[in-house]
Every structure is written in C-alpha cells, then in structure tokens.
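# A closer look at the structure
If you want the building blocks of each chain, they are given just below.
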There are 2 protein chains.
Amino acid sequence: MTVTDVGEFGLIDRVTARLAQGQSCLLGPGDDGAVVAAPDRRVVASTDVLVEGRHFRRDWSSARDVGHRAAAANLADIAAMGATPTALLVALCMPAELDPAWAEELADGLGAEAALVGASVVGGDMSGSPTLTVAVTALGNLAGRAPVVRSGARPGDVVALAGRTGWSAAGYTVLSRGFRTPRLLVEAFRRPEVPYAAGPAAAAAGATAMIDVSDGLLADLGHVATASGVAIDLSRDAFEVPRQMRDAAQALGVDPYTWILAGGEDHALAATFPGDAALPEGWRPVGRVAAGAGVTVDGAAYSGPRGWDHFRRTAE
Amino acid sequence: MTVTDVGEFGLIDRVTARLAQGQSCLLGPGDDGAVVAAPDRRVVASTDVLVEGRHFRRDWSSARDVGHRAAAANLADIAAMGATPTALLVALCMPAELDPAWAEELADGLGAEAALVGASVVGGDMSGSPTLTVAVTALGNLAGRAPVVRSGARPGDVVALAGRTGWSAAGYTVLSRGFRTPRLLVEAFRRPEVPYAAGPAAAAAGATAMIDVSDGLLADLGHVATASGVAIDLSRDAFEVPRQMRDAAQALGVDPYTWILAGGEDHALAATFPGDAALPEGWRPVGRVAAGAGVTVDGAAYSGPRGWDHFRRTAE
C-alpha cells in the first residue's frame, strides 16, 4: 500500500487518530488552524526542516527515529530561548510510493518526543513530493520570563553546557563508514537526548545568552560571540571523552574532539551566565567570555572543521 | 551564483535583511526562536506546504508570486478561524544550483502578502534539497473571540461566501494548455486575492462554521457538512460567471462551473450564519444548511470533479 492509495485526507485521518493532545492544545488537528495556549500573552516559535538524504536516511533511521529527531531539533530551539514547548505543527512531503505506515510511525515519534515536555502535534499539512521532507514548527511558553537571546553574553561571563556533544556526530561517522555499532553512538544519532528542562532553568537562573547546539559547539558559540560582540574561550579539559567514543574514534582514526567540538545535532544547550552565578542543575562550566571576537580552545584557534552547513553537507 | 556559493548562513543574512517586522513581532529572525504577541493568551497556528511541480512551476510563477501564494494559503487558514494573522515562519528547501535571488524574491513576496494584514515573516529555516519546497506556518490572534470551527453549521443556517472562486483554477487551466492570457485569470492563479478581513468579520457577526476554500468549494463545504453532521445545498444562480471566465471557458471547452464549484486555491472564505443573521460586508449568500449529509447543487448531486487531492494532482 502507498500514500497514493490512501490519499491525502485518508492519511491525515490515520495520522491524527494516533496523536494525543497535551494540555496547551485548546483545539487540535482537523480544522483550518489549531489553537494553542499562550499564558503570558506571547508565543515563542521556531521552524526546522529535515530532508531525506541530507538530514536522514531511511536505511539508517526508522520513521519513528526521524520523528523523534525532527521534534527534538525544534523543541530544543524553544528550550534554548528559555521557554517550555507547547505544540508542534508538521508539514510532511512524501513520494507517492511511500508506505503510509512510514507517516504513521513518524507521527508516533513526533508525538512521543513532544510528550516528553508535555507538548503535542496540533496540526500540519501533507503533500506529495519527490523528496521526503519533514518541516516542523514548534511553539513555546516563556512563562513571563524574557527570552534568552544570543546577543547577551558579556566579558567575564561563564560559558556552560547542558547535555552532551559529539555523540550524534560520532554515530553519523560510524554509520557513514558502514557500521551499525557501537549501538550507543548510533542511537545518539538516531534519537538525540535533549536536556529540555535545562533551558527554562537557565533562564530562571539569569543566563545572559543561550543557543541550541545544532551545527556544532564551535559554530554555535560563534553565533553567540558574533551576536554579543565578545570572544569565547573553551577549556578542552572540560570535555571528557566517554569510553565508547574514545574506542570508536581510535578504531575509525578520528580525533574525538572533532566530534565533541564541531559535531552538531545532539541539541545540547550552551549558555553564558554572569561570572558569580550558581549554575542550575544539569549545567557545567566549559569556558569563559572575554572582550574580543571569535571562539578559541585553550586560547588558540581550533584547526579542525567547525560545523555543518546544510547546503554543502550530504548524509553520505 | 548559486545558493551553494552563498551558503546557508549567507543566504539567511541576505533574506532576513529584506524582511520588515510587523507590530506583533516581539523578537524577529536571528535567534533560536522568534517571539510573537498573543494578546488574548491563545495563538492560532496553521501550516501549509508548496512543492515545486505540484503546487507551482517556476516557468509559470515568479519567486515573488510563489511567496505571495505560499503566504496567502496560510494567512487564509488563520482568517478562516476568525483570527487576524500575526506572523509567518518559513522553511525553504532549495536545489544547490538555485539562484539566491529566487530565495530573496520569494521572501519579498511572503513579506508583501503578510504586510497586507499587518503580519511579518518572523523566522524560518533553510536547507538544500533536490525539490524546491516552501513550508509556511502562520500564527494569528483571535482577539478574545471563540475560533470558528468547521463543526458548528446547523440546519436553517445560510451558507455564505467571501471572495471569489474559480479564478485560480481557470488560470491554472489556461497555463496548462500553454497559454499566458487572459491575464486576469493567470494573475489570479499566480497571486490569489484573499478577503482576509472577512474572517474576523464573520466571527464577530456570529458565523457558526467557517472554512478556507483551498481544495474547491464543493470539497471544502463537504468538510463542513461532514464535521457538522448536516447537508449543504448551493444555489447555482448565486454564482455569476464573470465575462473573462465565460470567454475562456468557451475557448477552452470547459464548463465554467467546474472552475467555480470545484476549483481551489483562490482562498475564498465559506461560512455558515444563523438564518436570521445579517451578513457582514463582503459576504453573499450562496446556499442553505439542512438536516442530512453531503453537498448538493440546486438539490442534486454535482457530477463534475469535486476538488484536488494533493497526492494525485500534478501541476501539468
């Protein structure tokens, strides 16, 4: 059976039947628009798109994995503003020959990841397309706090990290060399573990700037440094190389710090805090903000690759 | 020059530089998320995707046209809930060889259409893709009113229409037969004229159900009839065939009522009102709601095509 056999409206019915609604959903799928609660009279909104062959491969990730990953990429953006995610909207473009079960399992993954933070899939659109594409918009609630933007880092601030980096990139390298193990790394690529609660916690603790690490720590902290007009220096010692990663790096002939410092898509959160602030739970110091420009590691320029550019990257 | 030459971040800078921000935008592009005003503690949200070769062709529509159309499809969904649009988010997937000017002109079209209702493009994402794809999410403000859903039509209600139907389908037929005129029809396909203000006006006047006519009047009123558990009968006499449409229909050998009753994408608004309600400005009666099921024309089943299904339709 293909999505063409089922048709647009048939598939919408099948998918929406699988979606449970969260508390913030005031009106769910099935109308021209959804209605979502925005308790403090503002809504945070972010969009991220995943394209087959570029962000995922169907032989590397199940539909459910892709759903988790697409949701995580968007929910992490909301968390990185200091907000709690409330809802997702999903535009799904599918080749005519796709099995409708793929779309249903994608919805299961999207819904399950959203449920981790009490959010839900409240609406979307479907279309045929030669290229399997999942575009997700996430909405979120700042609960009365100011959004934590990229431009607020000040000299003297501490740079801190919540969550892990390098795992998804390591899993990607493993898969791209034709291996399916170590399983922990491959699973990290398939389903990132995002420290969602660390975003609002950082906002409440007075974070001066925050970003979701999706393009790689050096690249994303580069965005913070540029937006804030400051320099950021990371301490390499702050990053322990986990055993599984060290072993895989050795076997594959890769410097594991390339994964840790330049690998994206784990969706860790990076933030800056005033130098005298107590870091909230889940955050650890990894560097300092100084006057100047650019991102360095132990005071020196980093010579490896710095991050992904989605026009140039291919998932091969 | 191609989007690959410019790179993801270069193109994002070029595009965001062209985007003026509306009053509802509290924080615009450039961070992990945008922040949009939601004055009554709720936000209406809707997503629609346009895929090249299926919803548009670059030899039929300019990038600016596609921007207008992508924005209109989404803004109309917000209006059809009875809300005023506040913001758009746009995921743009582009072939590597695309001229960056195409993306810039798309943004101009999106921004210009959004500006018609005081909204703006507040965020988005870009990716490479073999298939040019524009996924848009629109947000809107209900201003304290209840959303007007599809399920509220009651026997005895009047069915009313704001805006025009058949023009986009006529323009599509003209283009698909290899012609470029009549210009009025072709322009209607390229840039729909959506009666945005009629949505909130209908809500304020007590509309019992409302829908954006994107798949065709019969198909979309069919959704209202099904959701409401009622029958809808349209009066063919309520639909005058404009001269340009009549002439084109004759020349092309098409029944113009196929365009008017089954053609989508003009994004007219169709609504039901209590039988004794005075219709607000811009609305005209076109039929009645009765007990039963299904949509008829002058009491009889309509034998022509009833609407589009985006898995089956090709833009040829």
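Residues numbered from 1 in each chain as written. Chains lettered and ligands numbered in written order. Predicted model: local features only at pLDDT ≥ 70, side-chain atom pairs only at ≥ 80, totals over all residues. Heavy atoms only, no water.

The name given to chain A in an unreviewed UniProt entry is Thiamine-monophosphate kinase, and the organism recorded there is Micromonospora tulbaghiae. In its Pathway (unreviewed entry) section, the UniProt record describing chain A reads: "Cofactor biosynthesis; thiamine diphosphate biosynthesis; thiamine diphosphate from thiamine phosphate: step 1/1." Regarding chain A, the UniProt comment filed under Function (unreviewed entry) reads as follows: "Catalyzes the ATP-dependent phosphorylation of thiamine-monophosphate (TMP) to form thiamine-pyrophosphate (TPP), the active form of vitamin B1." (UniProt positions renumbered as here; feature names shortened; annotations may be inferred.)

Moving on, we come to the overall build of chain A. Check the secondary structure of chain A and you find 10 helices and 12 strands. The C-alpha atoms of chain A give 20 Å as radius of gyration, which agrees with the globular expectation for 316 residues (20 Å, within 12%). The principal-axis extents of the C-alpha atoms in chain A amount to approximately 60 × 50 × 30 Å. Out of the 316 residues in chain A, the part that is buried amounts to 62%. Put simply, of all contacts in chain A between residues at least 6 apart along the chain, 85% involve residues at least 24 apart. Taken as a whole, chain A presents about 10,900 Å² of accessible surface, with 51% of it coming from carbon and sulfur. Taking the average place of the 26 positive charges on the side chains of chain A and the average place of its 36 negative ones, the gap between the two points comes to 5 Å. (Helix = DSSP H or I, 4+ residues; strand = E, 2+ residues; numbered from the N terminus. Rg over C-alpha atoms; globule rule 2.2 N^0.38 Å. Buried < 20%, exposed > 50% of the residue type's maximum accessible area, 1.4 Å probe, protein only. Contact = heavy atoms within 4.5 Å. Areas by Shrake-Rupley, 256 points an atom, 1.4 Å probe, with all protein chains shown as cover. Lys, Arg positive; Asp, Glu negative; His and termini not counted. Charge placed at Lys NZ, Arg CZ, Asp CG, Glu CD.)

Okay, the UniProt feature "domain: PurM-like N-terminal" (unreviewed entry) in chain A next. In this numbering, the UniProt entry assigns the feature "domain: PurM-like N-terminal" (unreviewed entry) to residues 30–140 of chain A. Helix makes up 30% of residues 30–140 of chain A and strand 38%, and the two end C-alpha atoms of the span are 21 Å apart.

When chain A is brought onto chain B, the operation consists of a screw motion whose angular component is 180 degrees and whose axial shift is 0.0 Å, with 0.0 Å RMSD remaining. Taken together, the rotation and translation relating the two chain copies correspond to the operation of a two-fold axis. Residue Arg 41 of chain A of chain A places its C-alpha closer to the rotation axis than any other residue of that unit, at 2.3 Å. Counting the interface residues of chain A, we find that 100% of their copies in chain B are interface residues as well, pointing to one common contact surface. (Least-squares fit on C-alpha atoms with pLDDT ≥ 70 in both.)

On to the interface of chain A and chain B. In this assembly, 67 residues from chain A lie in contact with 67 residues from chain B. The contact between chain A and chain B buries some 5,200 Å² in all, and 58% of this surface belongs to carbon and sulfur atoms. At the surface where chain A touches chain B, the tally comes to 4 salt bridges. One salt bridge connects Asp 31 of chain A with Arg 150 of chain B, and the closest N-O pair in it is separated by 3.8 Å. Summed over the shared surface of chain A and chain B, the result is 22 residue pairs in polar contact (both at pLDDT 80 or more). It is strand β3 (residues 42–51) of chain A that provides the largest number of residues to the side of chain A that touches chain B, a total of 9 residues. (Buried area = accessible area lost by both parts, 1.4 Å probe. Salt bridge = Lys/Arg side-chain N within 4 Å of Asp/Glu carboxyl O. Polar contact = N/O pair within 3.5 Å; in protein donor to acceptor, adjacent residues only side chain to side chain.)

This paragraph deals with the UniProt feature "binding site: Mg(2+) 5" (unreviewed entry) in chain A. Residues and elements named next belong to chain A. Under the UniProt annotation, "binding site: Mg(2+) 5" (unreviewed entry) lies at Asp 215. The residue Asp 215 is located in the loop between β8 (209–213) and α8 (217–228) in this model. Residue classification places Asp 215 among the buried residues on the basis of a relative accessible area of 8%.

What follows concerns the side chain of Ser 61 of chain B. All names here are of chain B. Structurally, Ser 61 can be placed in the loop between β3 (42–51) and α3 (63–80). Looking at Ser 61, the relative accessible area reads 3%, which means it is buried. Setting aside its immediate chain neighbours within four residues, Ser 61 contacts Val 66, Phe 189 and Arg 190.

The next subject is helix α5 (residues 167–176) of chain A. Residue and element names in this part refer to chain A. Burial runs high along α5: 9 of the 10 residues are buried. Within α5 the residues assigned to the buried category are Trp 167, Ser 168, Ala 169, Ala 170, Gly 171, Tyr 172, Thr 173, Val 174 and Leu 175. For α5, the secondary structure elements touched by its buried residues are α6 (183–190), α9 (243–252) and α10 (256–262). Of the residues one or two after α5, Gly 178 is the one with positive phi, at around 95 degrees.

All names here are of chain A. At a minimum axis distance of 11 Å, the contact between α5 and α9 shows a crossing angle of 35 degrees. The crossing of α5 and α9 is left-handed. Contact residues: Trp 167, Ala 170, Thr 173 and Val 174 in α5; Gln 244, Met 245 and Leu 252 in α9. (Axes fitted to C-alpha atoms, helices over the stretch in contact; angles between N-to-C directions. Left-handed = near helix turned anticlockwise from the far one by under 90°.)

All right, on to unusual backbone geometry then. In this chain, Thr 181 of chain A is followed by Pro 182 of chain A through a cis amide linkage whose omega measures 5 degrees. By secondary structure assignment, the location of Pro 182 of chain A is in the loop between α5 and α6. Not every positive phi belongs to a glycine, and Arg 41 of chain B is a case in point at roughly 70 degrees. Here Arg 41 of chain B falls in the partly exposed class, since its relative accessible area comes to 41%. Here Glu 265 of chain B, not a glycine, exhibits a phi torsion of approximately 75 degrees, which is positive.

Let us look at the packing of aromatic side chains. A ring pair, where both rings are aromatic, is described by two values, the distance of the centres and the angle of the planes. In the structure shown here, the tally under the stated rule is 10 aromatic pairs over all chains. When the centroid spacing of 6.0 Å and the interplanar angle of 45 degrees are considered together, the rings of Tyr 172 of chain B and Phe 189 of chain B count as tilted. Taken together, the residues Tyr 172 of chain B in helix α5 (residues 167–176) and Phe 189 of chain B in helix α6 (residues 183–190) connect sequence positions 17 residues apart. Classification of Phe 189 of chain B as buried rests on a relative accessible area of 2%. Summarising the aromatic geometry, the rings of Phe 273 of chain B and Trp 283 of chain B are spaced 5.5 Å apart at their centres and angled 75 degrees between planes, so their arrangement reads as edge-to-face. With a gap of 10 residues between them, Phe 273 of chain B in strand β10 (residues 268–273) and Trp 283 of chain B in strand β11 (residues 283–290) connect regions that are remote in the sequence. On the basis of relative accessible area, Phe 273 of chain B is assigned to the buried category, the value being 0%. In this structure, Arg 69 of chain A is placed above the aromatic ring of Phe 189 of chain A, and the distance from its NZ or CZ to the ring centre is 4.5 Å. (Phe/Tyr/Trp six-rings, centres within 6.5 Å; stacked < 30°, edge-to-face > 60°. Lys NZ or Arg CZ within 6 Å of the ring centre and 35° of its normal.)

Here we come to the domain arrangement of chain A. All names here are of chain A. Entries for chain A in the domain assignment read domain 1 (3–141) and domain 2 (150–297). One C-alpha centre belongs to domain 1, the other to domain 2, and the line joining them spans 26 Å. Listed as interface residues are 22 residues of domain 1 and, on the opposing side, 19 residues of domain 2. For the pairing of domain 1 and domain 2, the buried interface totals around 1,800 Å² over both sides, and the portion due to carbon and sulfur atoms is 59%. Linking domain 1 with domain 2 are 2 salt bridges, by the criterion used here. As a salt-bridge pair, Arg 191 and Asp 65 come within 2.6 Å of each other at their nearest N and O atoms. At the junction of domain 1 with domain 2, the criterion picks out 6 residue pairs in polar contact (both at pLDDT 80 or more). Sorting elements by how many residues they give to the side of domain 1 that touches domain 2 places helix α3 (residues 63–79) first, with 10 residues. (Domains from an automatic or database assignment.)

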